[in-house]
Amino acid sequence: MASRRVLLLLTGWSPAVLAAGVNLQPPVTGIAQDIYDLHMLLLYITGGIFVLVFGVMFWAILRHRKSAGHQAKHFHENTTVEIVWTLIPLLILVAMAWPATRLILQQKSSAGAELTIKVTGYQWKWHYDYLDDGVAFMSHLATPQSAIHQVADRGEHYLLEVDQPLVVPTGTKVRLLLTANDVIHAWWVPQLGVKQDAIPGFVRDSWFKVDRPGTYRGQCAELCGKDHGFMPIVVEAKAPADYQAWLAARQKAAAANLEDPNKIWPLAELVARGEKVYTQNCVACHQANGKGIPGAFPALDGSAIATKDKPGHIDIVLNGSKKNAAMAAWGKQLSDTDIAAVITYERNAWGNHTGDVVQPKDIKAARGGKA
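Predicted, not measured: the structure shown is a model, and the values here were computed from it.

### Focus: the sheet that holds strand 2 (residues 125-130)
Piece 1. Reading across from one edge, 3-2-1-5-8 is the order of the five strands in this open sheet, with mixed pairing throughout. Whereas interior strands pair on both sides, the edge strands pair on one side only; in this sheet they are strand 3 (135-139) and strand 8 (204-208). This sheet shows a mean twist of 20 degrees between the axes of neighbouring strands, independent of strand direction.

This is the structure in structure tokens:
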């Protein structure tokens, strides 16, 4: 904190200036504050070198110009000068590398974490699993398609809002275990000082400790496909008592929402639920009108897969497409009921008036379980 006060005195940077977007976002964790301080320190060092080198260069150019009567001198190597201009940059680099290395080691040390959350990146959403508390959920972009397509007004947090934020308690060291299901993603929230790649087949970890309640926003920072720019992150930090109340409510809701896989759903209810699942997960590629994107994502409206081949339709939603890698496997992301609902919706939406109903027990059977 002392170094931060010195930096503020030297530069006059204020929280208002930071909030205006002139500098880094205002830090809310100790690590983020250290990153900011290091950033400013290196900025002053490199800025000082820039001013010194170019100042001497321009002074020499003006002071010793030909029009002033100066004659160019011929000289050769000077061992002393060469040693000096090698040692000085070396010492500067060591002085810069020392605090940077110390900060990196601090970032990588997640020992003593009090809460562990597994974070899995999917195209284009995040899955959060509170490993010790039995709570897990998907977090999707909440910005409506009407705003994205400029039909409706864009809100204050355009493309940085989600339906379910990651909720953590303040004053608690939170460890994140990060991986991905399809391609490389990166979980990045600047105010927390966290930016960590999520790589399929690997588990990376990071951590943060939020000092005060608030809502902090970020996004995927690794180019991950068509809708990379539509994969926000929202972290909501609550006071410990409020967090425990939220956690108890989520656990109660999870227990109440356990569904009977053998329940027989009416067509209308499946279609209504399927439309919500489709909007959250499928509309980016296949579009709201089911027409897809020519040359990239096939249409579902009037397609053979959505009007005739019901077993094939179930298989491709569960397991993905072997011919088109862009079609993800949804079997690990969605419940049997959600998959049954979205397939039923696709077979009865737009011009696909098949009347087909896919029940959760059909999905369970397709997974290899008993119907």
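We are not done yet, so read on.
### Here we look at the environment of threonine 337
Piece 1. Take threonine 337: it is sitting in helix 11 (residues 336-346).
Piece 2. Dropping the residues within four chain positions of it, threonine 337 is found in contact with Glu259, Trp265, Arg273 and Pro360.

### Describing the nonpolar core
Piece 1. Counting residues in hydrophobic clusters, the biggest one holds 36 residues, and the most contacted among them are Ile117, Tyr128, Tyr130, Val168, Trp187, Leu192 and Phe208.
Piece 2. Ranked by residue count, the leading element in this core is strand 5 (residues 174-180), at four residues.
Piece 3. Counting residues in each nonpolar core, the second largest holds 18 residues, with Val277, Leu318, Val342 and Ala349 among its members.

### Description of the pairing of strand 5
Piece 1. Buried residues dominate strand 5, accounting for six of its seven residues.
Piece 2. As judged from the seven bridges shared by strand 1 (residues 115-122) and strand 5, these two strands associate in the parallel manner. Each bridged residue has a counterpart across the sheet, and for threonine 116 the counterpart in strand 5 is arginine 175.
Piece 3. Pairing of strand 5 with strand 8, which is carried by five bridges, proceeds in the antiparallel orientation. Bridge pairing in strand 8 places leucine 176 opposite serine 206.

### Thoughts on the domain arrangement of the protein
Piece 1. Looking at the assigned domains, one finds that the protein contains domain 1 (20-70 + 77-107), domain 2 (115-144 + 155-256) and domain 3 (267-367).
Piece 2. Measuring from the centre of the C-alpha atoms in domain 1 to the corresponding centre in domain 2 gives 36 Å.
Piece 3. Residue-level contacts link eleven residues of domain 1 with eleven residues of domain 2.
Piece 4. Summing both partners gives a buried area of about 910 Å² for domain 1 against domain 2, and 50% of it is carried by carbon and sulfur.
Piece 5. Run the count over domain 1 and domain 2 and you get six residue pairs in polar contact (both at pLDDT 80 or more).
Piece 6. The set of elements that each furnish at least two residues to the side of domain 1 that touches domain 2 consists of helix 3 (30-63) and helix 4 (79-108).
Piece 7. Tallied by class, residues from the side of domain 1 that touches domain 2 come to six nonpolar, five polar and no charged.

### As for helix 11
Piece 1. Among the eleven residues in helix 11, eleven count as buried, and that is most of the element.
Piece 2. By the burial criterion, the buried members of helix 11 are Asp336, Thr337, Asp338, Ile339, Ala340, Ala341, Val342, Ile343, Thr344, Tyr345 and Glu346.
Piece 3. On its buried side, helix 11 packs onto helix 7 (267-281), helix 9 (304-307), helix 10 (310-319) and helix 12 (360-367).

Definitions and cut-offs
Residues numbered from 1 in each chain as written. Predicted model: local features only at pLDDT ≥ 70, side-chain atom pairs only at ≥ 80, totals over all residues. Heavy atoms only, no water. Pairing = 2+ DSSP bridges. Helix = DSSP H or I, 4+ residues; strand = E, 2+ residues; numbered from the N terminus. Axes fitted to C-alpha atoms, helices over the stretch in contact; angles between N-to-C directions. Contact = heavy atoms within 4.5 Å. Core = buried A, V, L, I, M, F, W, Y, C linked by side-chain atoms within 4.5 Å. Buried < 20%, exposed > 50% of the residue type's maximum accessible area, 1.4 Å probe, protein only. Domains from an automatic or database assignment. Buried area = accessible area lost by both parts, 1.4 Å probe. Polar contact = N/O pair within 3.5 Å; in protein donor to acceptor, adjacent residues only side chain to side chain. Nonpolar A, V, L, I, M, F, W, Y, C, P; charged D, E, K, R; others polar.

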